[in-house]
Amino acid sequence: MHVVIVGSGIAGLTAAIRASAVHDVTLVTKGALADSATAYAQGGVAVALGADDSPTLHQADTHVAAAGSADARAVEVLCSDGPARVRDLLALGVPFDRSTDPSALDRYGDDLARGREAAHGRWRVVHADGDATGAAIERTLIDALHRQHVTILERTCLTDLVVRDGAVVGVDVLDLLGEPRRIDADAVVIASGGAGHLYRETTNPLVATGDGVAAAWRAGAVVADLEFVQFHPTRLAVPDGGLVSEAVRGEGAVLRDARGRRFMTAVHPDAELAPRDVVARGIAAAVRDQGGAPVLLDATGLGADFLTGRFPGLTRATRAAGFDWTRQGVPVSPAAHYSMGGIATDAEGRTSLPGLLAIGEAACTGVHGANRLASNSLLEGLVFAVRAADAVAAPRPGLLRLRGNADLRVTSVPRTADVIRVSRQTWPGGPDHRDGSTDVRQAVQAVMTDRVGLLRDATGLASARCDLDALTASATGGVREHEDRALLDLARLVALAAETRTESRGAHARTDHPDTDPAAPASYAWVAETVTRHIAVPQEVPA
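Residues numbered from 1 in each chain as written. Predicted model: local features only at pLDDT ≥ 70, side-chain atom pairs only at ≥ 80, totals over all residues. Heavy atoms only, no water.

## Describing the overall build of the chain
- Along the backbone of the chain there are 14 helices and 24 strands.
- Relative to the compact-globule value of 24 Å for 543 residues, the chain shows a C-alpha radius of gyration of 22 Å, a close match.
- Overall, the C-alpha framework of the chain stretches about 60 × 50 × 50 Å when taken along its three principal axes.
- A burial count over the chain gives 62% of its 543 residues as buried. (Helix = DSSP H or I, 4+ residues; strand = E, 2+ residues; numbered from the N terminus. Rg over C-alpha atoms; globule rule 2.2 N^0.38 Å. Buried < 20%, exposed > 50% of the residue type's maximum accessible area, 1.4 Å probe, protein only.)

## A look at unusual backbone geometry
- A positive phi is found at Asp129, a non-glycine position, where the angle reads about 50°.
- Assignment of secondary structure puts Asp129 in the loop between strand S5 (125–126) and helix H5 (133–145).
- Classification of Asp129 as partly exposed rests on a relative accessible area of 35%.
- With a phi close to 55°, Asp165 is a non-glycine residue in the positive phi region.
- Look at Asp165 and you get exposed, because its relative accessible area is 80%.

## Some words on the confidence of the model for the chain
- With 92% of its residues at a pLDDT of 70 or more, the chain shows a mean pLDDT of 92.
- Contacts of residues 417–438 to residues separated by more than four positions or lying in other chains number 53 contacts, the stretch itself having pLDDT below 50.
- Note that residues 531–543 has pLDDT below 50 and, in this model, 31 contacts with residues that lie over four places away or in other chains. (pLDDT = per-residue confidence, 0-100. Contact = heavy atoms within 4.5 Å.)

## Overview of the packing of aromatic side chains
- If you walk through the whole model with that rule in mind, you get 3 aromatic pairs.
- Ring geometry for Phe311 against Trp325: centres 6.1 Å apart, planes inclined by 70°, an arrangement best described as edge-to-face. Here Phe311 is found in the loop between helix H9 (304–310) and helix H10 (312–320), whereas its partner Trp325 is found in the loop between H10 and strand S15 (330–339), with 14 residues between them in sequence. Just as Phe311 is buried, Trp325 falls in that class too. (Phe/Tyr/Trp six-rings, centres within 6.5 Å; stacked < 30°, edge-to-face > 60°.)

## With respect to the nonpolar core
- By size, the foremost hydrophobic cluster in this structure holds 60 residues, and its most contacted members are Leu161, Val188, Ile190 and Leu198.
- A total of 11 residues in this core trace back to one element, the largest contributor, which is helix H14 (residues 479–500).
- Dropping the residues within four chain positions of it, Val188 is found in contact with Val4, Val6, Leu161, Val168, Gly170, Val171, Gly355, Leu356 and Leu357. (Core = buried A, V, L, I, M, F, W, Y, C linked by side-chain atoms within 4.5 Å.)

## With respect to the side chain of Thr156
- Inspection of the secondary structure puts Thr156 in the loop between strand S6 (150–153) and strand S7 (157–164).
- With relative accessibility at 5%, the residue Thr156 sits in the buried group.
- A distance of 3.0 Å separates a polar atom in the side chain of Thr156 from the backbone oxygen of Glu154. (Polar contact = N/O pair within 3.5 Å; in protein donor to acceptor, adjacent residues only side chain to side chain.)

Structure follows, in structure tokens:
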């Protein structure tokens, strides 16, 4: 069968390599093959490989970070399948760092170097090239892909899914020259990542505009958990500043306010190693209390030799920004980082639409709940990509469990029909990609950042929905216009989901509803009204 995979991060590449052993595979990616969020991942891969660790312990930490909203089956799959998938990477040649500590072999049973990040009870984050784990994995997987019989279409943008008789049978794309093209498929796997560019400040690459999730929603797929957007606590607070890995805090760096005080010790017992949502809100409160000045990440106590050896990339990045972090604190602030929500799937990546699967950040298995545990994202991409690749030709079950055993509520959402006309367009990374129709994107980002961001309330969400509904994104033109349409589609859905959840849970913080409601459902899900007018359907969706 012919399988089209959209996206070239860890999930898309892994699925393509696996599926190509038995299927005809075409991999479509909007930028160059290496343009993905995976290449930006610094910290590493969280996996229970050590003799002092176990999948059960990893599951427990994942559930704590998820604020009681993760699906137990998905978490079990992630943590139990994880060790085998990381061994697959080792076999492919990913150069994971090795420890020179003689006691490491006795403690862990191997010589892999390990880091610890927020909310982890064990040192279980394996890393490569110090702080360039994602890039090392991406390079290795691309090399492996080139050894397979896979058709690769770079700089090819997904615009819509092709649906016939209720099933996905292909994709519509803009090709390398900006011309429309249709690719028929027996199965389509969405692995196109998240939508960090819903916000003005994000750790995500330029290509992260939610194209796959938005296309799936327009086609009639159920989407879920969209209100849960993770803000990474520590982005370098300078123009175009990048991520400063949580692994730095795991090694002992601390956060200080303008007076030099460690403020996180008063926020949470785990201080700088509290779950990401807690640290991000703690930083936001400190910034507010000191009149908008950024807080400082102080890593000076780790020593210059350790910092330059363990975090060579960050040492270069902070130096390029004008800071010597071996001698001084560096300014940091939260930024949009990861979407826990996405296209609702089962544990094999199957969606509510026959012929469509989703994996990685574009998918919502329920594995992250309301807040993702640090360094679980790369593992998720590996684990569920393999399961989806193995499921593309398997018989579809009579009853499909979306998001596992959660109490899934699916509500219809009206959408305005649009007419699509496409034309030539310069591609991401080219000189014209940032030009053109910026008004819609800037307006979306302003609304989302100011009213649907780290802290939310009813008044802001209601006005955000009103302002977003008043915007229109042209479906004519090229890549930029299609990205803007995807961002506007998702912005409306995120704002609606955030307004609907009248509690605070994980990454979703309502200042007017600061407590978690034990009676609230773990997940809210949505489907386009043009596909169905059912107000709610059972958790088990007929296949």
